[in-house]
Amino acid sequence: MAKAKTVFVCNSCGYESAKWLGKCPGCNEWNTFYEEKLVKNSGTTTKEKKNVTPIQLSKIEGKEAARISTGFNELDRVLGGGLVNGSLILLGGEPGIGKSTLILQICQKIKTDGKVLYVSGEESAEQIKLRADRLGINNENLLFLGETDIEIIENTILDINPKLVIIDSIQTMYSDEITSAARKCKSGKRDNS
Ligand SMILES: [Zn+2]
């Protein structure tokens, strides 16, 4: 369980410190620190809020949600017709059952011309490449990232704007913003719009 944390902030310059300080290293003022509860910020750091306008639901064209076929009929059927933009799918299963293999095969067969980002926190690029070669995977749009830091992964996603993001596996990921690591899930796969 993550306990509620606090941070000390200088009310003169906004300098943050985990401890109370008499003199602010940021602006050299004295006795300017006050304690503030750390608010879990959902969006990270400096993203600006977009101005949005709600639209009439009745005006939205009812094009039967654009789904992306995974290339596997049975998997598409389980997913209700394929991957939906913006959806999040959790793929679970016993170790060694073939989750990563299935995922790599999806990377190959997926019916999209967008980029596919494969993030692995468990295996190296070489290990993934070996498996990919064995499976005959040669999708030019498949990109690999060996990383476990959520913030870095998020920045990469914003940077390359992939159509599909795969996180293998979700329990190896961590965030600096959350002290207790999430270790409940088996494997995650994300469809990024
Ligand atoms: Zn200051």
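In short, a report on the structure. Just so we're clear, the structure is a prediction, and the values are computed from it rather than from any experiment.

Comments concerning unusual backbone geometry
The peptide bond linking Asp-168 to Ser-169 adopts the cis configuration, its omega dihedral lying at -5°. Here Ser-169 is to be found in the loop between strand E9 (164-168) and strand E10 (188-190). The backbone of Asn-28 sits at a positive phi, close to 65°, despite the residue not being glycine. A positive phi angle, close to 50°, is found at Asn-31, a residue other than glycine. Summarising the element assignment, Asn-31 is placed in the loop between strand E2 (16-17) and strand E3 (33-37).

Considerations on the sheet that holds strand E1 (residues 6-10)
Spatially, E2-E1-E3 is the arrangement adopted by the three strands of the open sheet, whose pairing is antiparallel. Two strands lie at the open edges of the sheet, namely E2 and E3, each paired on one side alone. Where E1 and E3 come together, five bridges link them in antiparallel fashion. Looking across to E3, one finds that Phe-8 is bridged to Glu-35.

Observations concerning the packing of aromatic side chains
In the structure shown here, the tally under the stated rule is two aromatic pairs. Consider the rings of Tyr-15 and Phe-33, whose centres lie 6.4 Å apart with planes at 85°: the pair is edge-to-face. Here Phe-33 lies in strand E3 and Tyr-15 lies in the loop between E1 and E2, a separation of 18 residues in the sequence. Aromatic pair Tyr-118 and Phe-144: ring centres 6.3 Å apart, planes at 25°, arrangement stacked. Residue Tyr-118 is found in strand E7 (residues 116-120), and its partner Phe-144 is found in strand E8 (residues 142-146); the two are separated by 26 residues along the sequence.

Quick notes on the coordination of the zinc ion
Every protein donor of the zinc ion is accounted for by Cys-10 (SG), Cys-13 (SG), Cys-24 (SG) and Cys-27 (SG), and the metal-donor separations fall at 2.2 to 2.3 Å. Around the zinc ion, the four donor atoms are arranged such that angles at the metal cover 104 to 112°; this shape is classified as tetrahedral. All donors of the zinc ion belong to a single chain; written as a sequence motif, their spacing is C-x2-C-x10-C-x2-C. Of this pair, Cys-10 sits in strand E1 while Cys-27 sits in the loop between E2 and E3, and the two are 17 residues apart along the sequence.

Looking at the nonpolar core
Residues Ile-110, Tyr-118 and Ile-166 are the most contacted members of the largest nonpolar core, which totals 16 residues. When residues of this core are traced back to their parent elements, those giving at least two are helix H2 (99-109), E7, helix H3 (125-134) and E9.

Description of the pairing of E8
Within a regular strand, side chains alternate between the sheet's two faces. Sheet topology note: the E7/E8 ladder contains five bridges and is parallel. Its bridge partner being in E8, Val-116 is matched across the sheet by Leu-142. A crossover links E7 with its parallel partner E8, the connecting element being H3, and its sense is right-handed.

Some details on H2
Taken as a whole, H2 has its buried residues at Lys-99, Ser-100, Ile-103, Leu-104, Ile-106 and Cys-107. For H2, the buried positions fall inside an angular range of 155° around the axis, keeping them on one side.

Points about the environment of Leu-88
As for its position among the elements, Leu-88 is in strand E6 (residues 88-90). Residue classification places Leu-88 among the exposed positions, given a relative accessible area of 68%. Spatially, the C-alpha atom of Leu-88 lies 9.6 Å from that of Val-165, the residues being 77 residues apart in sequence.

Side note on the pairing of E1
Most of E1 is tucked away, with four of its five residues classed as buried. When E1 meets E2, the two strands line up antiparallel, connected through two bridges. Each bridged residue has a counterpart across the sheet, and for Phe-8 the counterpart in E2 is Ser-17. What sits between the antiparallel neighbours E1 and E2 is a turn of five residues, in which Gly-14 has the positive phi angle 90°.

Calculation rules
Residues numbered from 1 in each chain as written. Predicted model: local features only at pLDDT ≥ 70, side-chain atom pairs only at ≥ 80, totals over all residues. Heavy atoms only, no water. Helix = DSSP H or I, 4+ residues; strand = E, 2+ residues; numbered from the N terminus. Pairing = 2+ DSSP bridges. Phe/Tyr/Trp six-rings, centres within 6.5 Å; stacked < 30°, edge-to-face > 60°. Donors = N, O, S within 2.8 Å, 3.2 Å for Na, K, Ca; no water. Tetrahedral: all angles 85-135°; square planar, octahedral: opposite > 155°, others 65-115°. Core = buried A, V, L, I, M, F, W, Y, C linked by side-chain atoms within 4.5 Å. Buried < 20%, exposed > 50% of the residue type's maximum accessible area, 1.4 Å probe, protein only. Right-handed = clockwise from strand over helix to strand, strands pointing away. Arc of directions from axis to C-beta.

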